Amino acid sequence: MTETLEKKGMTLITDSFVCRTLQFQERLEKLLYDIHTEFPEKVYSLELLFEKFSGFLKTDMDDGGRFDALIKAAAELTSQEAPRWEMIAGWLLDFRFSEKLKEEEKSIGISDLYEKIVYLTEKGLYGSYIMENYSKEEIVEAESYICKERNRLFNYSGLDLLIKRYVISTHRHVPLESPQEMFLGIALHLAMNEKRKIRLMWVREFYDMLSKLEVTMATPTLANARKPFHQLSSCFIDTVPDSLKGIFRSIDNFAMVSKYGGGVIRWVRIVNDTAVAVDQLGVRAGAVAVYLDAWHRDLPEFLQLRTNNGDERMKAHDVFPAVCYPDLFWKMAGENLDQDWYLMCPHEIMTVKGYCLEDSFGEEWERRYWDCVHDARIKKRTVLLKDLIRLIIKSAAETGTPFAFNRDTVNRANPNPHKGMIYCSNLCTEIAQNMSAISTVETKIQTEDKDTVVVNTTKAGEFVVCNLASLSLGNLPVNDPAYVRKVVRTVVRALDNVIDLNFYPVPYAKITNHTYRSIGLGVSGYHHMLAKNKIKWQSEEHLAFVDKLFEQINYAAIEASSDYAKEKGSYRYFEGSDWESGAYFEKRGYCSDEWKELREKVHRQGMRNAYLLAIAPTSSTSIIAGTTAGIDPVMNKYFLEEKKGSMLPRVAPDLSPETYWYYINAHHIDQNWSVRACGVRQRHVDQAQSMNFYITNDYTMRQVLNLYLKAWECGVKTVYYVRSKSLEVEECESCSS
């Protein structure tokens, strides 16, 4: 009876297309048969699909419109009781897209990947470097790696986003690349500089990890690899010196970075207007975070940059403010909020004392801070701690910001303290790398070819670059250490290659990137992974599980970087680093025999990369991978997303009776568990994590403050957004990896 009904549903659907050819009908019937076989439950019957579909049909619809209606019908059938309709809708969208792509290829005269790359290169849509570096035979071989069946790993939302935003399209916005060709094109680019005898092996490895949705590269890599403007990095961090020349040099650098990719209040407004004015290749507006010390004289005004009340001339609504906190701030806040806190001018301190207060951390910073407080020559702006914290929490509840950067915690864990300091993080708070200001060494007037020219000699400083990717934990067999190790080694290789293949919008970024060779391997699908493994968020099992997993990930990443250093050479500043001395391992309590062996290997072989792990938020790329974002809990198991004027049902990944109760709404979770988990992971993450607080309107100021204090006590380096239940905040797409 069921088979008869399904055959009836299949026939009704295929008969709804008026201009079908025999070949089209056969392909559609094969797809519908596959859907019935893969989703045999009654809630996924083809007859149900036809009933929903028939409600959208109109007599004047062409076959294209009818198929779009069929896809819409499947997507709208998605519910908590029947969550896999979003996968069926993805299968239907893949079929529709593939049919249209075949028609376009036929009209152009393209029959294989090599011909397509030639065509796209001639049209300026593909980087010529692919054809210059690969032979026809190699591209033909690479095409054989394509596994079209992996398109069925996408749900509807993921595939729809990939098609609209990431595959290469003509100037008429007609897609000319399949998802699998996109993954292969990225793999070809990332393996381009490998030795010829092993290059295609790496192409295959990179393609497999991407096409299986086990790893997502950051949005710029996903969008720009294989293209003429191959800016592959997510964001850039500049240190702004206290001089007019330095300020405007930083703004100029930011404008160039924004174009291709990623007192004080007046200057922040200039940065704000630069972010708005210089977009990223016309794709989206520039974005910038500005970090200010918790002792800076202008901090109260800075905290009101994005709030809705006050003097509009002192606002910068497109800047994301962040505050750098010393241990002393949190220590005093935990002891007594009725204490005085002193705000001072950094330039005045430098003039009077001969040092920059921000150039130290820990005990040295605290000693200098009190020295400045007691120096009558330095003007102070005295505020009560509770008044300042009230401003911080008011801004956080209203705007989601300021982000928090615990500078002493960060610098104590810095693997490269011998070469400088980490002053702040990036737009998504996951990066923690050495940084220093660019400076002018000298300016000369000289004659060249009978012309008088002005020659500026500039010291590059350390202009930090973020090269990001994420392990999709929900799509990985995390209980198989050997498999996880293999994937980690592959993605570390890919990220290291990004450094040499990248297009750099400013020369300072290239110098820093090649000096430190820093990467940021993160994760997505964290809640997805816990739910699949039937682990409750609010449990000691959660903490023990991720402690073990993240130690394995870190071990594999360090091992890979050291092995690649043996093959290709270490980063320039390895000598004298905590990696070389072994202090990195001592600080983290890595003392097992296995860790001791790795420590000796690192000392002997070196490290290819100065920094390794950084957990970015991931937004769009986690949608593509069909998993949860970053290390965040889900907002809802089931929700409606507005799309093209209609409401599209969405469900948590792999939602089923088995996983349902493990998906707790983020705002219903005791945030202390999230903070503790972040602290557990932090031991294994040499940089930082994009961690959010989820609060409700019932939270008091004291409760929010206690979360910040708990994070500091647990060794958490940064806090990203404070997500109030009534607040919507913007995600950074660049860090979405």
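All of these numbers come straight from a predicted model, not from anything done at the bench.

Focus: the overall build of the protein
Then step 1. Secondary structure assignment for the protein yields 30 helices and 17 strands.
Then step 2. For the protein, with 737 residues in total, the buried portion stands at 59%.
Then step 3. When the accessible surface of the protein is split by element, carbon and sulfur atoms take 51% of a total near 30,200 Å².

With respect to the packing of aromatic side chains
Then step 1. Considering all chains together, one arrives at 38 aromatic pairs under this definition.
Then step 2. Between the aromatic rings of F17 and F67, the centroid separation amounts to 5.4 Å while the plane-to-plane angle is 40 degrees, which identifies the pairing as tilted. Placement of the pair is F17 in the loop between α1 (2–14) and α2 (22–38) and F67 in helix α4 (residues 63–76), with a sequence separation of 50 residues. By the burial criterion, F17 is buried, and F67 matches it.
Then step 3. Each ring, one from F154 and one from F183, has its centre 6.4 Å from the other, and the planes form 10 degrees; the classification is stacked. Taken as a pair, F154 in the loop between α8 (136–143) and α9 (156–165) and F183 in helix α10 (residues 179–190) lie far apart in primary sequence, 29 residues in all.
Then step 4. Here R306 stacks its cationic end above the ring of F320, 4.5 Å away from the centre of that ring.
Then step 5. The ring of W673 is capped by R676, whose NZ or CZ atom sits 4.9 Å from the centre of that ring.

What about the environment of N533?
Then step 1. Here N533 shows up in the loop between α23 (526–532) and α24 (540–568).
Then step 2. Accessibility expressed as a relative area gives 26% for N533, which makes it partly exposed.
Then step 3. Here the alpha-carbon distance between N533 and N479, two residues 54 residues apart in the chain, equals 9.3 Å.
Then step 4. Discounting residues that sit within four places of it in the chain, N533 has contacts with V478, N479 and F545.

Focus: the packing of helix α19 (residues 385–399) against helix α30 (residues 701–713)
Then step 1. Packing of α19 against α30 brings their axes to within 10 Å, and their N-to-C directions diverge by 90 degrees. In terms of orientation, α19 lies roughly perpendicular with respect to α30. Here K386, I389, R390, I393 and A396 of α19 come into contact with α30, specifically with M701, V704, L705 and Y708.
Then step 2. Its residues placed into classes, the contact of α19 with α30 shows seven nonpolar, no polar and two charged.

Quick notes on the nonpolar core
Generally speaking, nonpolar side chains in soluble globular proteins are found buried as a group.
Then step 1. Grouped together as the largest cluster of nonpolar side chains are 219 residues, with contacts concentrated most on W341 and L471.
Then step 2. Top element by residues in this core is α24. It accounts for 12 residues.
Then step 3. If you look at the next biggest cluster of nonpolar residues, it comprises seven residues, including A531, V634, L655 and Y663.

Quick word on the pattern of salt bridges
Then step 1. According to the stated counting rule, one finds 42 salt bridges in the structure shown.
Then step 2. Salt-bridge contacts for E99 lead to K102; the nearest nitrogen and oxygen are separated by 3.4 Å. A residue pair is termed a helical-turn pair when its members lie 3 or 4 positions apart in one helix, as E99 and K102 do in helix α5 (residues 85–108) at three residues.
Then step 3. With a relative accessible area of 12%, E99 lands in the buried category.

Observations concerning the environment of F405
Then step 1. Relative to the elements of secondary structure, F405 occurs in strand β7 (residues 403–406).
Then step 2. Separated by 80 residues in sequence, F405 and Y325 have C-alpha atoms that sit 6.0 Å apart.

Let's talk about the confidence of the model for the protein
Then step 1. Averaged over every residue, the pLDDT of the protein is 90; residues scoring 70 or more account for 90%.
Then step 2. Below pLDDT 50 for its whole length, residues 254–262 participates in 38 contacts with residues either more than four positions away or in separate chains.
Then step 3. Low pLDDT, under 50, characterises residues 280–284; the stretch is placed with 16 contacts to residues that sit more than four places away or in other chains.

Quick look at helix α3 (residues 46–54)
Then step 1. Buried residues of α3: L46, E47, L49, F50 and F53, and no others. The buried residues of α3 occupy an angular sector of 155 degrees when the element is viewed end-on, so they sit on one face.

Description of the side chain of E181
Then step 1. Its location among the elements puts E181 in helix α10.
Then step 2. A polar atom in the side chain of E181 sits 2.7 Å from the side chain of K116.
Then step 3. Beyond its immediate sequence surroundings of up to four residues, E181 is in contact with E105, L113, K116, I146 and L176.

Here we look at the sheet that holds strand β16 (residues 718–719)
Then step 1. The sheet built from four strands is open, its strands ordered β3-β4-β7-β16 with mixed pairing. Each edge of the open sheet carries a strand with a single partner, namely β3 (288–293) and β16.
Then step 2. The pairing of strand β4 (residues 319–325) with β7 spans four bridges and is classified as parallel. Note that in β7 the partner of V323 across the bridge is A404.

Structural notes on the packing of α24 against helix α27 (residues 593–605)
Then step 1. Where α24 meets α27, the closest approach of the two axes is 9 Å, and the angle between their N-to-C directions is 25 degrees. Considered as vectors, α24 and α27 are oriented roughly parallel to each other. As α24 packs across α27, the resulting crossing turns out to be left-handed. Contact residues: E551, N554, Y555, I558, E559, S562, D563, A565 and K566 in α24; E594, W595, L598, K601, V602 and Q605 in α27.
Then step 2. The class makeup of the residues in the contact of α24 with α27 is six nonpolar, three polar and six charged.

A closer look at unusual backbone geometry
Then step 1. Here the residue pair T401 and P402 is connected by a cis peptide bond, since its omega of 20 degrees sits within 30 degrees of zero.
Then step 2. Take P402: it is sitting in the loop between α19 and β7.
Then step 3. With phi around 60 degrees, L213 is a residue other than glycine that occupies positive phi space.
Then step 4. Within the secondary structure, L213 sits in the loop between α11 (196–211) and β1 (215–217).
Then step 5. Positive phi, close to 65 degrees, is recorded for T429, a residue that is not glycine.
Then step 6. Mapped onto the elements of the fold, T429 is located in the loop between α20 (407–412) and β8 (439–448).

What about the sheet that holds β1?
Then step 1. Ordered in space as β1-β11-β12, the three strands form an open sheet in which the pairing is mixed. Of all the strands in the sheet, the pair left with one neighbour each is β1 and β12 (520–524). Adjacent strand axes in the sheet meet at a mean angle of 30 degrees when their direction is disregarded.
Then step 2. Note that strand β11 (residues 468–472) and β12 share five bridges and pair parallel. Looking at β12, one finds that S472 is bridged to S524.
Then step 3. Docked against the sheet, helix α21 (residues 481–501) engages β1, β11 and β12, running at close to 165 degrees with respect to β11.

Remarks on a negative patch on the surface
Then step 1. Negative charge collects at one region of the surface, where D593, E594, E597 and E600 lie side by side.
Then step 2. As for its position among the elements, E597 is in helix α27.

Observations concerning the side chain of H527
Then step 1. Looking at where H527 falls in the secondary structure, it is placed in helix α23.
Then step 2. Looking at H527, its side chain comes within polar contact range of the main-chain oxygen of Y662, at 2.9 Å.
Then step 3. The contact partners of H527, leaving out residues within four places of it in the chain, are W537, T628, D632, P633, V634, Y662, Y663 and I664.

Focus: the environment of I664
Then step 1. By secondary structure assignment, the location of I664 is in the loop between β14 (646–651) and α29 (671–682).
Then step 2. Measuring from C-alpha to C-alpha, the distance between I664 and K536 comes to 8.7 Å, with 128 residues separating the pair along the chain.

Conventions we followed
- Residues numbered from 1 in each chain as written.
- Predicted model: local features only at pLDDT ≥ 70, side-chain atom pairs only at ≥ 80, totals over all residues.
- Heavy atoms only, no water.
- Helix = DSSP H or I, 4+ residues; strand = E, 2+ residues; numbered from the N terminus.
- Buried < 20%, exposed > 50% of the residue type's maximum accessible area, 1.4 Å probe, protein only.
- Areas by Shrake-Rupley, 256 points an atom, 1.4 Å probe, with all protein chains shown as cover.
- Phe/Tyr/Trp six-rings, centres within 6.5 Å; stacked < 30°, edge-to-face > 60°.
- Lys NZ or Arg CZ within 6 Å of the ring centre and 35° of its normal.
- Contact = heavy atoms within 4.5 Å.
- Axes fitted to C-alpha atoms, helices over the stretch in contact; angles between N-to-C directions.
- Parallel < 35°, antiparallel > 145°, perpendicular 65-115°, else oblique.
- Nonpolar A, V, L, I, M, F, W, Y, C, P; charged D, E, K, R; others polar.
- Core = buried A, V, L, I, M, F, W, Y, C linked by side-chain atoms within 4.5 Å.
- Salt bridge = Lys/Arg side-chain N within 4 Å of Asp/Glu carboxyl O.
- pLDDT = per-residue confidence, 0-100.
- Arc of directions from axis to C-beta.
- Polar contact = N/O pair within 3.5 Å; in protein donor to acceptor, adjacent residues only side chain to side chain.
- Pairing = 2+ DSSP bridges.
- Left-handed = near helix turned anticlockwise from the far one by under 90°.
- Patch = residues over 30% accessible without salt bridge, like charges linked within 9 Å, V, L, I, M, F, W, Y side chains within 5 Å.
- Lys, Arg positive; Asp, Glu negative; His and termini not counted.
- Charge placed at Lys NZ, Arg CZ, Asp CG, Glu CD.

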